[in-house]
Amino acid sequence: MAHAIPYVTKQAHRVLSMFLACWLLTPTSSINAYEVGSRLLATGGVTQIEGSAGSGIVPWAVLPGYGQKDEWGGEVFGTYVNTNDYDLSVIGASVGINNRVELSIASQILGIDSIAQPLGLPDNELKQIVAGVKVRLFGDLIYTTLPQVSFGLQYKKNTDFDVPALTGAKYDHGVDFYVAATKLWLTGINGYPILLNTVARSTKANQLGLLGFGGDLDDSRSLLFEGSVGVLLRRDLVLGFDYRQKPDNLSFAKEDDWMDLFLAWFPNKHLSITGAWTELGDIAGKKNQSGFYISLEGSF
Amino acid sequence: MKHKTIKSIPLFILLCFVSISSHADSLYTELGESDGINKFVTKAVEISHTDQRIAFLFEDTDDEELIIQISDQICFLSDGPCEYDGQDMDEVHSGMEITEAEFDIFVAIVIDSMEYADISHSARNKLLALLAPMREDIINQ
């Protein structure tokens, strides 16, 4: 099958990430010249690994950037995850329109050197593109008694299906549907605000979709739970925990639930930096994958 | 095994917060009583006049009266020794057509002003939690 998007390479990711880092971390960066939206600091969350506004591995019901009604906002981001045997690089961008609609795009590359050679695989990378839409249905993260609730979908397409096909995956593309409910409880614990987020997702994606969709064990959709809990240690600092259930569609290797413990810092409305420790369980036969996660993003 | 360790971290953090949540000061005291409240309310009104995105909403206000009204209301809400006998929020803002964006800008100014007045993160959030339900009576009136 022809490579639909041949220019998405690790080199391109590296160059774009370095450019992003230089641009964002320069105090006089041109991004500071943009007027950002009116919403309060940190209310757009950060960008999760599939490109949607959320925390490390889980989407939230919030919209990216700081756009309120009649305003636009958005994010550009780069994320790098390094575990014992793999590394994942993600770059992407999103826009939030009128605090109502999110459009996002992300490119993921998983380095699989550790298994490519021993297993004689035709490729040492797994790549996919994720295009997402999210719509806020009702509620406000902060001001309403009900949580903010959004519906989203993520269309995912492998740019090379050779390796996923060898593992037993059925399709090179798929669509995840999810509903997210997110609430920031201001009083929290003794005035430290607490954020609660729950997601129900319907998916066929193996390891986010990087190992294709559907499989020899199970070719039906799985309904999975995801959740985040966080505390605002300061106005600009969120400490939180994500949990994400995963399907188990492939007989060649079991797939585990994922979790991470993250710290996100929002020095201003133009920039956020997130560090996390991830526990990703067994991935494609390699046991107990854990490691660090770093994400840098700019808001406009 | 590693999974078990990381799973217990959120519980640990929760317990840390519960354990430090035992001091008994009222919110009014945490806000610095009438002097503290007056300081950040005055600052918030001052900044609002200089922020071009919302300054027009304050063009015709009597600042002294506004500062007294807001301060009394915050004193009352935070269990201070004040009676708030001002008008209802929806009446006060009637005809102003304050948007969601303008509301958020003012909230951010109030937070900045509380920071300026050295009010703690936790006291700020407790006050914001008391003010948040008023949003529905303030916007789009």
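The rules we used
In this numbering scheme, every chain counts its residues from 1 along its sequence in written order. Naming scheme: in the order in which they are written, chains are lettered from A and ligands are numbered from 1. Local features in this predicted model are restricted to residues of pLDDT 70 or higher, and side-chain atom pairs are both shown and tallied only at a pLDDT of 80 or more, whereas totals for entire chains, interfaces and linings draw on every residue. Per the convention used, a helix needs a DSSP run of H or I reaching at least four residues, while a strand needs a run of E reaching at least two, with both numbered from the N terminus. Exposure criterion: with C-beta atoms placed from backbone coordinates, a residue whose C-beta has 20 or more other C-beta atoms within 10 Å is buried, one with 12 or fewer is exposed, and one in between is partly exposed. Residues are scored as being in contact if the C-beta atoms we place from backbone atoms lie within 7 Å. To count as a nonpolar core, a set of buried Ala, Val, Leu, Ile, Met, Phe, Trp, Tyr and Cys residues must be joined through C-beta atoms within 7 Å. Each residue after the first adds 1.5 Å to the expected span of a helix. Two strands are counted as paired when DSSP detects at least two bridges linking them. An arc is given here, and it is the one of the directions from the helix axis to the C-beta atoms. Every angle, taken between N-to-C directions, lies between 0 and 180 degrees, and every axis is a line fitted to C-alpha atoms, over only the stretch in contact when it is a helix. Angular relationships are summarised with four words: roughly parallel below 35 degrees, roughly antiparallel beyond 145, roughly perpendicular across 65 to 115, and oblique for the angles in between. Take the far helix as the reference: if the near one is turned anticlockwise from it by less than a right angle, the crossing is left-handed, and if turned clockwise, right-handed.

Participant: Which residues make up the overall build of chain B, and what are the values?
Facilitator: Along chain B, the regular secondary structure elements total 8 helices and 0 strands. Order of helices (α) and strands (β) in chain B, N terminus to C terminus: α-α-α-α-α-α-α-α. A buried classification covers 26% of the 141 residues belonging to chain B. Considering only intrachain contacts with a sequence separation of at least 6, the fraction spanning at least 24 residues in chain B is 79%.

Participant: If you had to explain the nonpolar core to someone new, which residues and values would you point to?
Facilitator: Judged by nonpolar contacts, the single largest core of 54 residues is most densely connected at Val-62, Leu-110, Leu-126 and Leu-211 of chain A. Ranked by residues supplied to this core, first place goes to strand S12 (residues 258-268) of chain A with 5 residues. Formed by 23 residues, the second largest nonpolar core is a distinct cluster that contains Tyr-28, Phe-103, Val-110 and Ala-117 of chain B.

Participant: Outline helix H4 (residues 63-77) of chain B, supporting the account with residue identities and numerical values.
Facilitator: All names here are of chain B. The end-to-end C-alpha distance of H4, which contains 15 residues, comes to 21 Å, matching closely the 21 Å that a straight helix rising 1.5 Å per residue would cover. Listed in full, the buried residues belonging to H4 are Ile-70, Ser-71, Gln-73, Ile-74 and Cys-75. Buried residues in H4 make contact with helix H2 (27-30), helix H3 (33-50) and helix H7 (121-131). Just past H4, the residue Asp-79 takes up positive phi, approximately 65 degrees.

Participant: Outline the pairing of strand S10 (residues 222-234) of chain A, supporting the account with residue identities and numerical values.
Facilitator: Residue and element names in this part refer to chain A. Examined bridge by bridge, strand S9 (residues 192-203) and S10 share 10 bridges and lie antiparallel to one another. Residue pairing across strands places Leu-196 opposite Val-229, the latter belonging to S10. Between S10 and strand S11 (residues 237-244), which follow one another and run antiparallel, lie 2 residues.

Participant: Tell me about the environment of Gln-48 of chain A, and please be specific about residues and values.
Facilitator: Residues and elements named next belong to chain A. Tracing the chain through its elements places Gln-48 in the loop between strand S1 (46-47) and strand S2 (53-54). Classification of Gln-48 as buried rests on a count of 27 C-beta atoms within 10 Å. C-alpha of Gln-48 to C-alpha of Pro-59: the two residues are 11 residues apart in sequence and 6.1 Å apart in space. With residues near it in sequence (within four places) discarded, Gln-48 still touches Gly-54, Ser-55, Gly-56, Ile-57, Val-58 and Pro-59.

Participant: Give me the lowdown on the interface of chain B and chain A, citing residues and values where you can.
Facilitator: The interface is formed by 27 residues belonging to chain B together with 28 residues belonging to chain A. Looking at the side of chain B that touches chain A, the elements with two or more residues in it are helix H1 (2-19), helix H6 (100-116) and H7 of chain B.

Participant: Requested: an account of the pairing of strand S4 (residues 87-97) of chain A, with residues and values cited.
Facilitator: Residue and element names in this part refer to chain A. Bridge count between strand S3 (residues 72-83) and S4: 11 bridges; the pairing is antiparallel. Paired with Val-81 across the two strands is Leu-88, which belongs to S4. Joining the antiparallel neighbours S3 and S4 is a turn of 3 residues. Pairing geometry for S4 and strand S5 (residues 101-111), over 11 bridges, is antiparallel. Paired with Ile-97 across the two strands is Val-101, which belongs to S5. Joining the antiparallel neighbours S4 and S5 is a turn of 3 residues, in which Asn-98 adopts a positive phi near 55 degrees.

Participant: So what about the environment of Leu-166 of chain A? Which residues, and what values?
Facilitator: Residue and element names in this part refer to chain A. Structurally, Leu-166 is set in helix H3 (residues 162-166). With 16 C-beta atoms counted inside 10 Å, the residue Leu-166 sits in the partly exposed group. Taking the C-alpha atoms as reference points, Leu-166 and Leu-121, 45 residues apart in sequence, are found 8.5 Å from one another.

Participant: Please provide a residue-by-residue account of the environment of Lys-287 of chain A, values included.
Facilitator: Residue and element names in this part refer to chain A. By the element assignment, Lys-287 lies in strand S14 (residues 286-299). In this structure Lys-287 comes out as exposed when scored by C-beta crowding, with 10 C-beta atoms within 10 Å. Along the chain, Lys-287 and Leu-263 lie 24 residues apart, while their C-alpha atoms are 26 Å from each other.

Participant: Please provide a residue-by-residue account of H3 of chain B, values included.
Facilitator: Residues and elements named next belong to chain B. Here H3 contains 18 residues, and its C-alpha end-to-end distance of 26 Å stays within 8% of the 26 Å for a straight helix at 1.5 Å per residue. For H3, the complete set of buried residues consists of Gly-36, Ile-37, Phe-40, Val-41, Ala-44 and Ser-48. In a view along the axis of H3, the buried residues occupy a sector of 120 degrees, so they form one face of it. Those residues of H3 that are exposed and aimed more than 90 degrees away from the buried face are Asp-35 and Thr-50. Where H3 is buried, its residues meet H4 and H6.

Participant: Summarise the sheet that holds S12 of chain A; cite the residues concerned and give the values.
Facilitator: Strand pairing in a sheet is mediated by backbone hydrogen bonds. Such pairs are either parallel or antiparallel. Taken together, 12 strands build a closed barrel; the order of strands is S3-S4-S5-S6-S7-S8-S9-S10-S11-S12-S13-S14 (chain A) and the barrel is antiparallel. Averaged over neighbouring strand pairs, the angle between their axes works out to 20 degrees when direction is ignored. Relative to the sheet, H7 of chain B contacts strand S8 (173-189), S9 and S10 of chain A, its axis offset from that of S8 of chain A by approximately 105 degrees.

Participant: Tell me about the packing of H3 of chain B against H6 of chain B, and name the residues and values.
Facilitator: All names here are of chain B. Closest axis-to-axis distance for the H3/H6 pair is 8 Å, and the angle between their directions is 135 degrees. Relative to H6, H3 is oriented oblique. H6 is crossed by H3, and the crossing has right-handed handedness. Mapping the contact onto sequence places Phe-40, Lys-43, Ala-44, Ile-47 and Ser-48 in H3 and Phe-106, Ile-109, Val-110, Asp-112, Ser-113, Met-114 and Tyr-116 in H6.

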